[in-house]
Amino acid sequence: MIKLWDYKNSFQNNRDALSNSMRLVLAITLFILLTTPTSAINIDEGVTIPIIAAYSTMEGESGVLLNATVIVTEGNGHVFVDTQPYTQVDLQGSARMATLVASDITGIDPTRHDFYFIIEVTSPIISGPSAGAPLTVAAIADIENWQLNDGVVMTGMINPDGSIGPVGGIPYKLDAAAQHGTSLFIVPEGQINVVITENTIVRKGDIVAVEEKTIEVDLVERGQELNVEVVEAITIEDAVELFTGHEIHRSEPPIGVWSAEYLDVLRPLGRNVLDEANQLYLVAVNETTQFSSTLEIQKVLLERGQEQYDEQQYYAATNTGLFVLNNLKFILWWEEYSNTKDQDEYLNNLYQTVSLEVNQSRREVERFKEEGVKDVDGVGAAEIRVVMAEQLLADARSTETEIDYVKTLALASMRAETVLWWLSLVNTDHTTDDDMLKDRAGWYVGTASSVVTYARTIISESDSMHGLSGLLDEADVSLDRAVIEYERGYYSGAIYDSLLAYVQASTAISLMGYSDVGTKIQRSADAARVSIEESRNAGIEPVLAVSAYEYADSLETPSQQIVEYNYARVLAKTTLQLTTVSNVSHSVVSATPIPLKTVCPTQTPTPTPAPQVPAEDGLDVPGFPIPSGILAVFTIAVLLKK
């Protein structure tokens, strides 16, 4: 049975289902995977690459070499995974991650392409994280139309930042690869030497026991014994070069990230927020008799905010001012509550006041969008904060103490105020098509959902939840908010909250078993600056992305720094894509998929309802006999789609 893995169906019910002709071609294409894999080859309808897996048997661990064929066409952002038999969800997640990284590396828009992963699986117990890196290599090779070298096999998880993540069972995978004539075996960084546990059955009379023995394996030495060269790959670019001989150019990150335009946009906001915070501080000092030590802290924070402003860190200064304003609102409100005679009535009136502020912020967003979405960044940030304010307003009702009630209302009030701040940052007259935003939002929400699920699956299976569960919980919150925004028609907000959920979950994945966090932070920061520069080179100032980068600079928690740098990177790329695609008509964005490469069948096809493939006729390709009818059927499917 064909299994189609498409995470966005829940959010894009208006999309057409995959046609029967395409289902047929996927079923027929499975026949090409029934032979033993001997080498990685590139054929017209896609790229076939060997993938290696390890699994447990009664005798211990074993490795098996499989085939995967990856086909990339122009389309609508679908990801189809076909396996026989069915496999675990992490293989589906690996394929989804491969599409995102391959799109990022090659610069294509993943929402305008379809990816097909046709994978031979000999056992349903085989899982898929270790297939992520080779699937990504195959996708990149197909997009770039590059030939893969024979005799190269790789194992490794693909991380969202393009790094190769650690996997298990490597010695057994090496053994299986060697049995199929592999000459070069690629492993993740830091896994040249691995520790494995071997079980030995010991019999003492009628007693049978299993003894465990820990062994350290040098894979280079083991490879030499098997006539296989073993090398490490740090990034997917390294792996692609080893597979294809093609070097993927990495742009040098610019030294700085701030531009004159960005500073001009943020400067007045930072000044206004700090001025408002200073004025409210003077009011609090004169009118409150409580929280004297807390007020001293606010004074120190205001001085710090001024320092940030003087250093042209306007977003950081704005955040500092926002933090102080929130604290001062709470202090003043609590003072009023403590001194009022009817405290219940005061709390009810306070709730009504904040509710009016939140409603006003919602109306401001709707008014601003009456003539179209003129700035996806600013509108998206404003929409997110409307929903945040509404959620905080609802949360206030469930607080257990009066002090928490007032604190939560102060937060809701400040979130509502920041809606107007973000709308004030709009610095373009460019209008983005709302239908296109809806399509994109549905795709991003679905993709984020799949990545969050994938992250929880592989992290829980690897017992790596410690220290990472917080990131996954944050991803759940961001994703839930994105769903609310999508259902309300806040498509810009849904896109950016989906991206945040994706980044939070994917950062958790990339930190699994990773000890050199400092290097990870630096790589994330460099990648963010490159993406920001690319957006500027296209004439777009990615204010939201630069703000996230500046915020990352101010953080001290490594994992949160990585999240914000990665968020800055995807924000810059997405803002560039949204602005570029919005100049294309909506009908073009949703056009029928067209293959990237021309499929050349052995004879001119005719679109018949159920074409028969002659089993005895074949087209010989080195290391891989292919039924000649497959190419014709694929072409028929494409013609029927048209």
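Rules behind the numbers
Residues numbered from 1 in each chain as written. Predicted model: local features only at pLDDT ≥ 70, side-chain atom pairs only at ≥ 80, totals over all residues. Heavy atoms only, no water. Axes fitted to C-alpha atoms, helices over the stretch in contact; angles between N-to-C directions. Helix = DSSP H or I, 4+ residues; strand = E, 2+ residues; numbered from the N terminus. Parallel < 35°, antiparallel > 145°, perpendicular 65-115°, else oblique. Left-handed = near helix turned anticlockwise from the far one by under 90°. Contact = heavy atoms within 4.5 Å. Nonpolar A, V, L, I, M, F, W, Y, C, P; charged D, E, K, R; others polar. Buried < 20%, exposed > 50% of the residue type's maximum accessible area, 1.4 Å probe, protein only. Polar contact = N/O pair within 3.5 Å; in protein donor to acceptor, adjacent residues only side chain to side chain. Salt bridge = Lys/Arg side-chain N within 4 Å of Asp/Glu carboxyl O. Core = buried A, V, L, I, M, F, W, Y, C linked by side-chain atoms within 4.5 Å. Expected span 1.5 Å × (residues − 1). Phe/Tyr/Trp six-rings, centres within 6.5 Å; stacked < 30°, edge-to-face > 60°. Lys NZ or Arg CZ within 6 Å of the ring centre and 35° of its normal. Bend = angle between axes of the 7 residues up to and from the residue. pLDDT = per-residue confidence, 0-100. Patch = residues over 30% accessible without salt bridge, like charges linked within 9 Å, V, L, I, M, F, W, Y side chains within 5 Å. Areas by Shrake-Rupley, 256 points an atom, 1.4 Å probe, with all protein chains shown as cover. Lys, Arg positive; Asp, Glu negative; His and termini not counted. Charge placed at Lys NZ, Arg CZ, Asp CG, Glu CD.

A. Representation of the packing of helix α11 (residues 376-396) against helix α14 (residues 469-488) in the model. For the pair α11 and α14, interaxial distance at closest approach is 10 Å and the crossing angle is 110°. The orientation of α11 with respect to α14, classified from their angle, is roughly perpendicular. In the packing of α11 onto α14, the handedness of the crossing is right-handed. Residues Glu383, Ile384, Val386, Val387, Met388, Glu390 and Gln391 of α11 form the contact with α14, whose own contacting residues are Arg481, Ile484, Glu485 and Arg488. Broken down by class, the residue content of the contact of α11 with α14 amounts to five nonpolar, one polar and five charged.

B. Region of interest: the environment of Pro160. Along the polypeptide, Pro160 turns up in the loop between β7 (157-158) and β8 (164-165). Since its relative accessible area comes to 5%, Pro160 is described here as buried. Linking Pro160 and Tyr502, residues 342 residues apart in sequence, is a C-alpha distance of 9.2 Å. Among all residues touching Pro160, those that are not within four sequence positions of it are Met97, Val101, Tyr502, Ser506 and Arg569.

C. Quick peek at the packing of helix α9 (residues 314-339) against helix α12 (residues 402-424). α12 packs onto α9 with a crossing angle of 140° between their chain directions and a minimal axis gap of 9 Å. Classified by the angle between their axes, α9 and α12 sit oblique to one another. Here the hand of the crossing between α9 and α12 comes out right-handed. Its residues assigned to classes, the contact of α9 with α12 shows 15 nonpolar, four polar and four charged.

D. Local environment of the environment of Thr447. Looking at the secondary structure, you find Thr447 in helix α13 (residues 434-461). Assessed through its relative accessible area of 5%, Thr447 is described here as buried. The spacing of Thr447 and His78 is 369 residues in sequence and 9.9 Å in space, taken between C-alpha atoms. Contacts of Thr447, omitting those with residues within four sequence positions, involve Arg96 and Leu100. Within the local environment of Thr447, its side chain forms a polar contact with the side chain of Arg96, the two groups lying 3.4 Å apart.

E. Unusual backbone geometry, seen in detail. The phi dihedral of Asn145 is positive, around 60°, even though this residue is not glycine. Inspection of the secondary structure puts Asn145 in the loop between α3 (132-144) and β6 (152-154). Positive phi outside glycine occurs at Gln312, with the angle close to 65°.

F. Region of interest: the pattern of salt bridges. What the rule picks out here adds up to 20 salt bridges. Two residues, Lys329 and Glu417, come together in a salt bridge whose shortest N-O distance is 3.8 Å. With Lys329 in helix α9 and Glu417 in helix α12, this pair connects stretches of sequence that are 88 residues apart. Using a relative accessible area of 18% as the deciding quantity, one classes Glu417 as buried. A single network of salt bridges, built from pairs that share partners, joins Asp104, Glu534, Arg569 and Lys573.

G. Molecular detail of the side chain of Asn159. Tracing the backbone through its elements, the reader meets Asn159 in the loop between β7 and β8. Contact partners of Asn159, with chain neighbours within four places excluded, come to Val101, Ile164, Gly165, Ile509, Ser510 and Lys520.

H. Just the nonpolar core, in detail. Judged by nonpolar contacts, the single largest core of 179 residues is most densely connected at Phe117, Phe185, Ile236 and Tyr496. Residue contacts for Tyr496: discarding those within four places in its chain leaves Val376, Asp377, Gly380, Ile384, Leu544, Tyr567, Leu571, Thr575 and Leu578.

I. Representation of helix α15 (residues 491-510). A rise of 1.5 Å per residue sets the reference length of α15, with its 20 residues, at 28 Å; its end C-alpha atoms lie 28 Å apart and thus fit the reference within 8%. Extensive coverage of α15 is indicated by the burial of 20 of its 20 residues.

J. Just the packing of aromatic side chains, in detail. Applying the stated rule across the entire model yields 12 aromatic pairs. Each ring, one from Tyr309 and one from Tyr314, has its centre 5.0 Å from the other, and the planes form 55°; the classification is tilted. Comparing Tyr309 with Tyr314, the two get one shared label, buried. Site record: aromatic cluster; members linked through ring pairs are Phe291, Phe330, Trp334, Tyr337 and Tyr346. The ring of Tyr309 has Arg271 lying over it, and the distance from NZ or CZ to the ring centre is 4.6 Å. Above the ring of Phe330, the side-chain terminus of Lys407 is found at 5.6 Å from the ring centroid.

K. Here's a closer look at helix α7 (residues 260-287). When the terminal C-alpha atoms of α7 are compared, their 41 Å separation across 28 residues agrees well with the 40 Å that a helix rising 1.5 Å per residue should span. When the local axis directions of α7 are compared, the greatest deviation, roughly 30°, occurs at Leu266, which is followed within four positions by the proline Pro268. Those residues of α7 lying buried are Tyr262, Leu263, Val265, Leu266, Leu269, Gly270, Val273, Leu274, Ala277, Tyr281 and Ala284. The secondary structure elements touched by the buried residues of α7 are α8 (292-310), α9, α12, α16 (517-537) and α17 (543-554).

L. Local environment of the environment of Glu229. Note on placement: Glu229 falls in strand β12 (residues 229-233). On the basis of relative accessible area, Glu229 is assigned to the partly exposed category, the value being 49%. Separated by 10 residues in sequence, Glu229 and Leu219 have C-alpha atoms that sit 9.2 Å apart. Not counting the four nearest positions on each side in its chain, Glu229 is found in contact with Ser183, Leu184 and Phe185.

M. Geometry of the confidence of the model for the chain. When the pLDDT values of the chain are averaged, the result is 79; 77% of them are 70 or greater. Mean pLDDT across the elements of the chain ranges from a minimum in strand β13 (residues 618-619), with 27, to a maximum in helix α10 (residues 343-368), with 95. Per-residue pLDDT stays below 50 along residues 1-43; that stretch engages in 122 contacts with residues further than four places along the chain or on separate chains. A low-confidence stretch, residues 584-642 (pLDDT under 50), is modelled with 99 contacts involving residues beyond four sequence positions or located in other chains.

N. Structural view of a negative patch on the surface. A surface patch of like charges, here negative, comprises Asp342, Asp344, Glu345 and Glu402. In this fold, Glu402 is placed in helix α12. Glu402 gets classed as partly exposed once you look at its relative accessible area, which sits at 40%.

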